[in-house]
Structure formats: structure tokens, C-alpha cells
Amino acid sequence: EESSGSGFTIRHDGQLCILTNAHVVADATYVEVRKAGDARKYVATRLKVAHECDLATLQVEDASFWRGVRPLSFGSMPCLQDEVSVVGY
């Protein structure tokens, strides 16, 4: 059975990885990823899966996957009771 999802690149513990939803990769025995606009598929491995927040990180060993990829930069962490905006569903 196949499933698909989306993700984006982040820098975690000094290395580039893909952040995606845990439910997409949690039970997969084999994970492949591809970049938008590129038909080539790359083998990915799960680094971490957190079902509590439905997030997972993936690593791609093939260095050519990361060429031209910039990780998403995060802003500062909000304080308790700060107003925040959320986009998504």
C-alpha cells in the first residue's frame, strides 16, 4: 500500500532533514522522497517519529538530493499566552 504526504527541509542537530507527518511514514517499510519539480526519487530513512504531535523527521543520504535546498528558518519561540497565527488544517 502506498501513501504520500508533504514535508519541508529543516536543520536539526546540525544536519539537514525533512520534517513531515508521522502518520505518513510511521508504518512504512520503505520510504522514498522527491523534490518539487524533480521526478527523481531518493531513498529516505526515518530519524524520529512522534505520534503525539504527528511529526517525523527523515534523512536522505544521497548528497545530490540536498543540492540547492535551503532549510526553513524558524523565528523565536513565543511566550505563554502570546497571540500566534496558525496556517494549515
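If you're wondering where the values come from, they're calculated on a predicted model, not measured in any experiment.

Parameters and conventions
- Residues numbered from 1 in each chain as written.
- Predicted model: local features only at pLDDT ≥ 70, side-chain atom pairs only at ≥ 80, totals over all residues.
- Heavy atoms only, no water.
- Helix = DSSP H or I, 4+ residues; strand = E, 2+ residues; numbered from the N terminus.
- Contact = heavy atoms within 4.5 Å.
- Areas by Shrake-Rupley, 256 points an atom, 1.4 Å probe, with all protein chains shown as cover.
- Lys, Arg positive; Asp, Glu negative; His and termini not counted.
- Charge placed at Lys NZ, Arg CZ, Asp CG, Glu CD.
- Salt bridge = Lys/Arg side-chain N within 4 Å of Asp/Glu carboxyl O.
- Buried < 20%, exposed > 50% of the residue type's maximum accessible area, 1.4 Å probe, protein only.
- Core = buried A, V, L, I, M, F, W, Y, C linked by side-chain atoms within 4.5 Å.
- Pairing = 2+ DSSP bridges.
- Axes fitted to C-alpha atoms, helices over the stretch in contact; angles between N-to-C directions.

Q: Would you mind going over the overall build of the chain with me for this structure?
A: Helix and strand content of the chain: 2 helices and 5 strands. Traced from its N-terminal end to its C-terminal end, the chain shows the element sequence β-β-α-β-β-β-α. Taken along the three principal axes of its C-alpha coordinates, the chain extends 45 × 30 × 25 Å. Counted over contacts in the chain with a minimum sequence separation of 6, partners at least 24 positions apart contribute 48%. Summing over all exposed atoms, the chain offers an accessible surface of approximately 7300 Å²; the carbon and sulfur share of this is 50%. The chain carries 9 positive and 12 negative side-chain charges, and their two centres are separated by 11 Å.

Q: What is the right way to read the pattern of salt bridges from this model?
A: Pairs may arise between side chains of opposite charge once their charged atoms sit close together. Scanning all chains against the criterion turns up 1 salt bridge. Between D62 and R40 there is a salt bridge, with the nearest N and O atoms lying 2.8 Å from each other. Remark: R40 occurs in the loop between β3 (31-33) and β4 (42-50) and D62 occurs in the loop between β5 (55-60) and α2 (63-66); sequence separation between them is 22 residues. Given the relative accessible area of 42%, R40 is considered partly exposed.

Q: Mind showing me how you'd approach the nonpolar core here?
A: Soluble globular proteins: nonpolar side chains tend toward being buried together. If you look at the biggest cluster of nonpolar residues, it comprises 15 residues, and the most contacted ones within it are I18, V33, L58, V60, F65 and W66. Of all elements in the fold, only β2 (15-20), α1 (22-25), β3, β4, β5 and α2 reach the threshold of two or more residues within this core. Apart from residues lying up to four places away in sequence, F65 is in contact with I18, V33, R34, K35, Y42 and V60.

Q: So what exactly am I meant to see when it comes to the sheet that holds β4 here?
A: Hydrogen bonding along the main chain pairs the strands of a sheet, whether they run parallel or antiparallel. The 5 strands lie next to each other as β1-β2-β5-β4-β3, forming an open sheet whose pairing is antiparallel. Lying at the two open borders of the sheet, with one neighbouring strand each, are β1 (7-12) and β3. Between one strand and the next, the sheet's axes are offset by a mean angle of 45 degrees, whatever the strand orientation. Relative to β2, β1 is paired through 6 bridges, and the arrangement is antiparallel. What sits directly across from G7, in β2, is T20.

Q: Which parts of the structure should I look at to understand unusual backbone geometry?
A: Of note in this structure, D13 is not a glycine but carries a positive phi near 50 degrees. Among the secondary structure elements, D13 is positioned in the loop between β1 and β2. Unusually for a residue other than glycine, D54 sits at a positive phi of about 55 degrees. Residue placement: D54 occurs in the loop between β4 and β5. Given a relative accessible area of 24%, D54 falls into the partly exposed group.

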